[in-house]
Structure formats: C-alpha cells, structure tokens
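Spelled out, the chains give:
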Amino acid sequence: MIKWIKNSLLLMCILSGGWLYSQEESDMFYMSSVSEIDPKHSVTMELGLPVVLSNKFNRTFMDGLIYFAPYYQYSFRNHLSIGAGIFYNFIKINAVTIAENVHGGNNTFGFFFKMSHEKFHSTRFATDFGVKVGAAQAMYSSNKLKDAGITSTDTGFYIEPNLGFILTAAEKSSFRFFLGYNITTIPFSNTTIGMSSNGGMSGKDFRKVQQFLTIGFGYTFYAKTR
C-alpha cells in the first residue's frame, strides 16, 4: 500500500512538473507585469488518497481509495481566508485481510467551513495553512448488511487541519499539493460492516474514532483578484 502511494505521488509530481515547465515561457509575459497575486474569490477542487490511521480495526481491514472536496474561499487583504465546501471519502473493505466473505465499503459525505492563511510569497509560489470543520455522515455497505436487510449509517463531527503548497499555472489558476489530517468522530467496528467475527481484536481496538492522512493534488481558479 505504502509503495503504491509513493509511486503514484512520484508519477503525479513528474507529470505536474513537466506541465508547469512547458507553461513557463507562455506565462513569462504576465508574470513580469505582476509583483504579487492578491486573490479575493477562488474555487478549489481537491482530489486525494485517504490513508487509514485509526482505529486499529479500521486500519487493518479497510483501504482508502478516494477523497474529493470542492470548496469556495474568500481571502482578506491580511491573507486570512474563510470558505465553505463539501467532501466525499470512500474507504473500501480489504477482503484479502478478512477470513469471512465480506466486501463493500464506507461512503462518507460531509460539509465544512474552512479558515486558513493563504499567502503568495512570490508570483509563482504560495502556501495555504488552515483547518476544515464541519459534519459528516457515513453510509456503510456490504454483502453481509444487504443479506441481513440492515441499513448502516452514522453521523459525527469532522475536523481536518491541512497544508497546501501552491504553484501558479496561469494568471487566474494554480495547482497545489496538499496534506490533511482528517478526524471524523464516527466509531467503526466489525458490526458496522456486518462482520460476524471481531477479526481477533478486542474492544480497545474499536474505541478510537476514524482518522485519515489525506495526500493529494488540487486545482484553484481565482474568480477575482485585487
């Protein structure tokens, strides 16, 4: 799993770097006339891979597949920003690690408000450090739940400190590499996905709330700058 993450990120970095290099000459004219980008309204779309960290049962039997979050952001002159958006997480049951025949996943939807400090240090590079806070709903699906006629859902609180490294691609757009630490206060256990066994674990292995490290890339369109 870790090797696949490293290879995927390396490939995306190479592709992104090559694209940005090919744009450098065409961007030179507008870059030479702009001393600093000062965004006001922007829309960002983030796409990433959630790496399951906790709880132990979740980390052992589930694999993160996708994280997607579009959001709007308003930036003040002092570089502080506020925004709002929605997110989607999908965590798949790793059937290979489970002795019984169970397959499916965890679809988590939510909305959030974001507060951050976004600053352009040059015409090419910026950082965005902030936190997303909101609510989430998990919808679990598996063949075991379906056979038993059970609908498994739960709601909880969502918080995600995040850090973005931004490279401009054109006058009104940029790409970013981001890291987020997603904490969702929704418990997770064997009964959540319809497993009859506990996978050889005890109660303490189910107590911690779900936590993910999110790694990915994003695209931002600056609808209006100052």
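Note that the structure is a prediction, hence the values are computed from the model and not measured.

So, how was this worked out
- Residues numbered from 1 in each chain as written.
- Predicted model: local features only at pLDDT ≥ 70, side-chain atom pairs only at ≥ 80, totals over all residues.
- Heavy atoms only, no water.
- Helix = DSSP H or I, 4+ residues; strand = E, 2+ residues; numbered from the N terminus.
- Buried < 20%, exposed > 50% of the residue type's maximum accessible area, 1.4 Å probe, protein only.
- Contact = heavy atoms within 4.5 Å.
- Areas by Shrake-Rupley, 256 points an atom, 1.4 Å probe, with all protein chains shown as cover.
- 1 Å grid on protein atoms, 1.4 Å probe; cavity = no way out; pocket = protein on both sides within 12 Å on 5 of 7 lines; lining within 4 Å.
- Points joined across faces, edges and corners; volume = space filled by probe spheres on them.
- Nonpolar A, V, L, I, M, F, W, Y, C, P; charged D, E, K, R; others polar.
- Patch = residues over 30% accessible without salt bridge, like charges linked within 9 Å, V, L, I, M, F, W, Y side chains within 5 Å.
- Salt bridge = Lys/Arg side-chain N within 4 Å of Asp/Glu carboxyl O.
- Lys, Arg positive; Asp, Glu negative; His and termini not counted.
- Charge placed at Lys NZ, Arg CZ, Asp CG, Glu CD.
- Core = buried A, V, L, I, M, F, W, Y, C linked by side-chain atoms within 4.5 Å.
- Pairing = 2+ DSSP bridges.
- Axes fitted to C-alpha atoms, helices over the stretch in contact; angles between N-to-C directions.
- Phe/Tyr/Trp six-rings, centres within 6.5 Å; stacked < 30°, edge-to-face > 60°.
- Lys NZ or Arg CZ within 6 Å of the ring centre and 35° of its normal.

A.B. asks: Explain the overall build of the protein chain to me, please; I cannot follow it from the model alone.
C.D. replies: Helix and strand content of the protein chain: 4 helices and 8 strands. The helix and strand sequence of the protein chain, counted from the amino end, reads α-β-α-β-β-β-β-α-β-β-α-β. Residue burial in the protein chain is summarised as follows: out of 226 residues, 44% are buried. When contacts within the protein chain are restricted to residue pairs at least 6 apart in sequence, long-range pairs at least 24 apart make up 72% of them. Of the roughly 11,600 Å² that the protein chain leaves accessible, carbon and sulfur atoms contribute 66%.

A.B. asks: Before we go on, may I ask you to explain empty space enclosed by the protein in this structure?
C.D. replies: Over the atoms a probe the size of a water molecule is rolled, and this reveals where empty space is left. Counted by the stated rule, this structure contains 2 cavities of 30 Å³ or more. One number sums up the size of the largest cavity: a volume of about 60 Å³. In this structure, the largest cavity is lined by 10 residues; those nearest its centre are Asp-38, Pro-39, His-79, Glu-118 and Lys-119. Per-element tally for the lining of the largest cavity: the top contributor is strand S4 (residues 104-120), with 3 residues. Split into classes, the residues belonging to the lining of the largest cavity amount to 4 nonpolar, 2 polar and 4 charged. In this structure, the second largest cavity occupies an estimated 30 Å³ of space. Looking at the lining of the second largest cavity, the elements that each hand over two or more residues are strand S6 (152-170) and strand S7 (173-184). The biggest single contributor to the lining of the second largest cavity is S6, with 3 residues. Looking at the lining of the second largest cavity residue by residue, the class counts come to 2 nonpolar, 2 polar and 4 charged.

A.B. asks: Just to check I follow, could you spell out a positive patch on the surface for this structure?
C.D. replies: Judged by side-chain charge, Lys-56, Arg-59, Lys-204, Arg-207 and Lys-208 come together as a positively charged surface patch. Put simply, the parts of the chain that give the positive patch at least two residues each are helix H2 (56-61) and helix H4 (204-207). Its place among the elements puts Arg-207 in helix H4. Judged by its relative accessible area of 64%, Arg-207 falls in the exposed class.

A.B. asks: Just checking my understanding: could you explain unusual backbone geometry for this structure?
C.D. replies: Excluding glycine, most residues fall at negative phi; most peptide bonds, likewise, are trans. With a phi close to 80 degrees, His-79 is a non-glycine residue in the positive phi region. Inspection of the secondary structure assignment puts His-79 in the loop between strand S2 (62-75) and strand S3 (80-93).

A.B. asks: Honestly, the nonpolar core in this entry has me stumped. Any pointers?
C.D. replies: Side chains of a nonpolar character, in soluble globular proteins, are inclined to be buried together. Membership of the largest hydrophobic core comes to 18 residues, with the highest contact counts inside it found for Phe-57, Ile-93, Ile-98, Tyr-140, Phe-188, Ile-193 and Met-195. Listing elements by their share of this core, those giving two or more residues are H2, S3 and strand S5 (125-142). In this structure, Phe-57 is in contact with Phe-188, Ser-189, Asn-190, Ile-193, Met-195, Asn-198, Met-201, Asp-205 and Phe-206, ignoring residues within four places of it in sequence. Among the nonpolar cores identified, the runner-up in size contains 8 residues, and Tyr-67, Ala-69, Phe-112 and Ala-136 belong to it.

A.B. asks: Explain the sheet that holds strand S8 (residues 210-225) to me, please; I cannot follow it from the model alone.
C.D. replies: Paired through backbone hydrogen bonds, the strands of a sheet run either parallel or antiparallel to each other. Around the barrel, 8 strands lie side by side as S1-S2-S3-S4-S5-S6-S7-S8; this closed barrel has antiparallel pairing. Within the sheet, the average angular offset between the axes of one strand and its neighbour, ignoring direction, is 20 degrees. Both S3 and S4 contribute to a ladder of 13 bridges, which runs antiparallel. The residue of S4 that forms the bridge with Ile-91 is Asn-106.

A.B. asks: What exactly am I supposed to notice about the packing of aromatic side chains here?
C.D. replies: Each aromatic ring pair is summarised here by two numbers: the centre-to-centre distance and the angle between the ring planes. Using the criterion set out here, one finds 14 aromatic pairs in the structure. Taken together, a centroid distance of 4.8 Å and an interplanar angle of 55 degrees make the contact between Phe-57 and Phe-61 tilted. With Phe-57 and Phe-61 both in helix H2, this residue pair falls 4 residues apart, about one helical turn. The same class applies to Phe-57 and to Phe-61, which are both buried. Between Tyr-67 and Phe-178, the ring centres sit 6.2 Å apart and the planes meet at 50 degrees, which makes this aromatic pair tilted. Here Phe-178 lies in strand S7 and Tyr-67 lies in strand S2, a separation of 111 residues in the sequence. Of the two residues, Tyr-67 and Phe-178, both sit in the buried class. In textbook terms, an aromatic cluster arises when at least three aromatic residues are bridged by ring pairs, as seen for Tyr-67, Tyr-71, Phe-87, Phe-112, Tyr-158 and Phe-178. One cation-aromatic arrangement involves Lys-132 over Phe-112; the distance from NZ or CZ to the ring centre is 5.0 Å.

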